[in-house]
Amino acid sequence: MKHEMVFGLHAVEALLQRQPERVKELWLLKGREDERLQSIITLAAAFGVKPQLTSRKVLDDKSESTQHQGVLARCVAEPVKGENELDELLDRTDVPFLLVLDGVTDPHNLGACIRSADAAGVHGVIVPRDRSAGLGPVVRKVAVGAAEAVPLFQVTNLARTLRHLQERGVWIVGAAGEATHTLYQSKMDGPLAIAMGAEGKGLRRLTREVCDDLISIPMAGEVSSLNVSVATGVCLFEAVRQRGE
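Throughout, residues of each chain are indexed from 1 in the direction in which the sequence is written. Totals for whole chains, interfaces and linings use all residues, but because this is a predicted model, local features are given only for residues with pLDDT of at least 70 and pairs of side-chain atoms are given and counted only at 80 or more. Think of the side-chain values as coming from all heavy atoms in the structure, minus any hydrogens and water.

Colleague: Tell me about the pattern of salt bridges, residues and numbers included.
Modeller: For this analysis, a salt bridge means a side-chain nitrogen from Lys or Arg found within 4 Å of a carboxyl oxygen belonging to Asp or Glu. Within this structure, the stated rule accounts for 15 salt bridges. As a salt-bridge pair, Arg168 and Asp87 come within 2.9 Å of each other at their nearest N and O atoms. Note that Arg168 is positioned in the loop between helix H7 (158–167) and strand E8 (171–175) and Asp87 in helix H4 (residues 83–92), a separation of 81 residues in sequence. A relative accessible area of 35% means that Arg168 is categorised as partly exposed. Categorising residues by exposure relies on relative accessible area from a 1.4 Å probe, with only protein chains included: less than 20% of the type maximum marks a residue as buried, more than 50% marks it as exposed, and the intermediate range marks it as partly exposed. You can call Asp87 partly exposed: its relative accessible area is 24%. Secondary structure counts use DSSP, requiring at least four H or I residues in a row for a helix and at least two E residues in a row for a strand, with both numbered from the N terminus.

In structure tokens, the structure reads:
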């Protein structure tokens with residue numbers, strides 16, 4: 001059975017709230033006593049998980065990070081979700097709202113995008129199996145619990161998956177600097193997938209060609225582009241605005 005490490009207050013708390021059966025071991029920083037940590041201890045106790053108090057050095061070594069916030073859990077790894085699970089999501093969702101990330105390899109950016117997706121009410125995030133970060137501990141930490149709430153689907157062929165979404169009635173909107181109109185002039189209500197490319201490279205050619213519409217974010221200052229996680233938030237919440245009208 002494959003295991004993975006999850007660290008960070010929000011990520012571990014969300015794991016204990018949503019999937020406590022996955023947690024096999026829990027380590028906490030010795031000497032730290034606060035309300036957030038007590039909440040984690042209480043959640044763990046409800047499912048028979050007794051935390052082990054240990055030093056910062058041990059937590060640093062086990063997590064391979066200094067950003068664990070004094071909380072680390074060893075848990076059963078989740079099976080990777082793919083095309084079949086995506087179809088199941090579409091079957092049970094009347095008006096799907098999806099985020100597609102093409103080539104986002106930085107786990108900090110992926111975690112931030114998942115956090116924004118959760119805040120915007122996105123039903124699922126789709127990434128290519130190759131050329132993308134996966135759901136590692138850094139992604140979960142940066143997503144502050146959103147990675148336990150929003151499913152991530154890793155697909156073999158992204159362009160083929162987008163065409164399949166279109167066959168299922170989903171409108172694909174891609175963000176691209178060369179687009180002839182802005183996101184504020186676009187149609188983003190109804191079944192929707194917003195496709196964002198990697199910072200610096202943007203959407204790959206095949207991904208752009210599949211999109212039903214290409215949009216840009218108007219830039220008034222000196223910079224020519226935004227970090228992908230910031231751009232994702234801007235596009236998602238314009239869609240939220242349109243879908244709420």
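Colleague: Run through the environment of Gly233, naming residues and quoting values.
Modeller: Note on placement: Gly233 falls in helix H9 (residues 228–244). Take Gly233: its relative accessible area is 14%, and that puts it in the buried class. Separated by 99 residues in the primary sequence, Gly233 and Gly134 have C-alpha atoms spaced 20 Å apart.

Colleague: Account for the side chain of Ser116, naming residues and giving values.
Modeller: Within the fold, Ser116 resides in helix H5 (residues 107–120). Residue contacts follow a heavy-atom distance rule, with two residues in contact if any of their heavy atoms lie within 4.5 Å. Look past the residues within four positions of Ser116 in its chain and what remains in contact with it is Ser229, Gly233, Leu236 and Phe237.

Colleague: Kindly report on the sheet that holds strand E7 (residues 152–155), identifying the contributing residues and their values.
Modeller: Only strands that DSSP links by at least two bridges are regarded as paired with each other. One open sheet accounts for six strands, arranged E7-E6-E5-E9-E8-E10; its pairing is parallel. The sheet is open, and its two borders are formed by E7 and strand E10 (213–215), each paired with just one other strand. This sheet shows a mean twist of 25° between the axes of neighbouring strands, independent of strand direction. Throughout, an axis means a line fitted to C-alpha atoms (over the contacting stretch in the case of helices), and angles, computed between N-to-C directions, take values from 0 to 180 degrees. On top of the sheet, H4 reaches strand E5 (97–102), strand E6 (124–128) and E7; it is set at about 130° to E7, its chief contact.

Colleague: With reference to specific residues and values, describe H7.
Modeller: Taken as a whole, H7 has its buried residues at Leu158, Ala159, Thr161, Leu162 and Leu165. In a view along the axis of H7, the buried residues occupy a sector of 160°, so they form one face of it. Counting of polar contacts relies on pairs of N or O atoms within 3.5 Å, with two restrictions inside protein: one atom must be capable of donating a hydrogen and the other of accepting it, and residues adjacent in sequence are counted only when both atoms are side-chain atoms. In this structure Asn157 caps H7, since a side-chain oxygen of it lies 3.3 Å from the backbone nitrogen of Ala159. Where H7 ends, the next residue or the one after it, Gly169, has phi of about 90°, a positive value. The arc in question is traced by the directions running from the helix axis to the C-beta atoms.

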